[in-house]
Amino acid sequence: MKVATFNINNVNRRLDNLLAWLDEAEPDVVCLQELKARDHQFPATALANAGYGAVWRGEASWNGVAILAKGVEPVLTQESLPGDPEDTQARYIEAAVNGVVIASLYAPNGNPQPGPKFDYKLSWGERLIAHAAELFDSGVPVVLAGDYNIVPEPRDIYVTTSYRDNALVQPASREQFQRLLEQGWTDALRKKFPNETLYTFWDYMRNRWPRNAGLRLDHMLLSKQLVRKLAAAGIDREVRGEDGASDHAPVWIELKV
């Protein structure tokens, strides 16, 4: 079972890129973020023609998350992150696919910090930690995949001082990610590549893609039932270099299920 996460950064603008990658990579499940489309604008027909069922939650101009499943319809289990009924931002969706619970999440960026956006980032992170604990304790196999908007460690960002005040690298952000891992979740990329430099995002500005000035923002966390079934993992870096590409590259894992 090949599961991937991909911040597509506007699903309709980059639909051709997405369809080409789906055809080449042949993932069984895909978590998408930053759809930047309302619910009725989601390209369900084009994706169905490519062989993928889908559940999604859109939002005009911003955010938006989806889960695609090859040859089946995902069974929706959550369409928002529990804990704040007044939060209407489309940042979390969860579904069951072939016996595995899959979550696609797009965590708040949090900039500028300090300020209300960073406060929202941290409060959203606390809600994620609480819900993740419930999922982990349920005993079902779970993949928490998406753009966490956290650089977990200094080695997950190129050598620079330009991000010093950025919300992505603040101690409070990193501490939340660490608390997730302490629940028992396994960072799949780090499990397979414990010592390598890994990036999943390269900003469009300042020539960052050509000079490999990247960050690792996209993570796939596995519950304990899936860790022993992790067969492979990777980052499809070449997708970032295509014409009209998202500023993120797809991250994927293969599970023996």
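The sections below set out a description of the structure shown in this document.

Conventions and cut-offs
- Residues numbered from 1 in each chain as written.
- Predicted model: local features only at pLDDT ≥ 70, side-chain atom pairs only at ≥ 80, totals over all residues.
- Heavy atoms only, no water.
- Phe/Tyr/Trp six-rings, centres within 6.5 Å; stacked < 30°, edge-to-face > 60°.
- Helix = DSSP H or I, 4+ residues; strand = E, 2+ residues; numbered from the N terminus.
- Buried < 20%, exposed > 50% of the residue type's maximum accessible area, 1.4 Å probe, protein only.
- Lys NZ or Arg CZ within 6 Å of the ring centre and 35° of its normal.
- Salt bridge = Lys/Arg side-chain N within 4 Å of Asp/Glu carboxyl O.
- Core = buried A, V, L, I, M, F, W, Y, C linked by side-chain atoms within 4.5 Å.
- Pairing = 2+ DSSP bridges.
- Contact = heavy atoms within 4.5 Å.
- Axes fitted to C-alpha atoms, helices over the stretch in contact; angles between N-to-C directions.
- 1 Å grid on protein atoms, 1.4 Å probe; cavity = no way out; pocket = protein on both sides within 12 Å on 5 of 7 lines; lining within 4 Å.
- Points joined across faces, edges and corners; volume = space filled by probe spheres on them.
- Patch = residues over 30% accessible without salt bridge, like charges linked within 9 Å, V, L, I, M, F, W, Y side chains within 5 Å.
- Areas by Shrake-Rupley, 256 points an atom, 1.4 Å probe, with all protein chains shown as cover.
- Lys, Arg positive; Asp, Glu negative; His and termini not counted.
- Charge placed at Lys NZ, Arg CZ, Asp CG, Glu CD.

Quick look at the packing of aromatic side chains
Within this structure, the stated rule accounts for 6 aromatic pairs. Here Phe42 and Trp56 contribute two aromatic rings whose centre-to-centre distance is 4.4 Å and whose plane-to-plane angle is 15°, an arrangement assigned as stacked. One end of the pair, Phe42, is in the loop between β2 (29–33) and α2 (44–49); the other, Trp56, is in strand β3 (residues 52–57), with 14 residues separating them in the sequence. The interplanar angle of 85° and the centroid separation of 4.9 Å between the aromatic rings of Trp202 and Trp209 together place this pair among those described as edge-to-face. The class for Trp202 is buried, based on a relative accessible area of 0%. Of note, Lys2 hangs over the ring of Trp252, and the distance from its end group to the ring centre comes to 4.8 Å.

Observations regarding the side chain of Asn17
By the secondary structure assignment, Asn17 is in helix α1 (residues 15–25). Residue classification places Asn17 among the buried positions, given a relative accessible area of 14%.

Here's the deal with the pattern of salt bridges
If charged atoms from side chains of opposite charge come close, those side chains can pair. Applying the stated criterion to the full structure yields 9 salt bridges. In this structure, Arg179 engages Glu126 in a salt bridge whose closest nitrogen and oxygen atoms are separated by 2.4 Å. Here Glu126 lies in helix α3 (residues 116–138) and Arg179 lies in helix α4 (residues 171–182), a separation of 53 residues in the sequence. Overall, the relative accessible area of 26% leaves Arg179 in the partly exposed class. Residues joined by salt bridges that share partners form a network here, namely Asp156, Asp187, Arg190 and Arg216.

Some details on the nonpolar core
Ranked by internal contacts, the top residues of the largest apolar core, which has 41 residues, are Ile102, Val143, Leu215 and Ile253. The next biggest cluster of nonpolar side chains, apart from the first, holds 22 residues, and it includes Ile8, Trp21, Ala25 and Tyr52.

So, the sheet that holds strand β7 (residues 100–106)
Within the open sheet, the 6 strands sit side by side as β5-β6-β7-β8-β10-β9. Their pairing is mixed. Looking at the sheet topology across the chains shown, the edges are occupied by β5 (75–78) and β9 (186–187). In this structure, strand β8 (residues 142–147) lies alongside strand β10 (residues 218–222), joined through 5 bridges in antiparallel fashion. Within β10, the residue paired with Val143 across the bridge is Leu222. In the packing of α3 onto the sheet, the strands contacted are β5, β6 (92–97), β7 and β8, and the crossing angle to β6 comes to about 15°. Where α4 meets the sheet, its contacts fall on β9 and β10, and the angle it forms with β10 comes to roughly 25°.

Focus: unusual backbone geometry
Cis geometry marks the peptide bond from Asn111 to Pro112; its omega dihedral reads 0°. Tracing the backbone shows Pro112 in the loop between β7 and α3. Residues Gln113 and Pro114 are joined by a peptide bond in cis, for which omega reads -5°. Mapped onto the fold, Pro114 is located in the loop between β7 and α3.

Things to note about the layout of surface pockets
Looking at the largest pocket, its volume works out to about 710 Å³. Residue lining of the largest pocket: 29 residues in total, with Tyr106, Asn109, Gly110, Asn111 and Asn149 positioned closest to the centre.

Description of a negative patch on the surface
Among the surface-exposed residues, Asp23, Glu24, Glu26, Glu238, Glu242 and Asp243 lie close enough to one another that they form a single negatively charged patch. Tracing the chain through its elements places Glu26 in the loop between α1 and β2.

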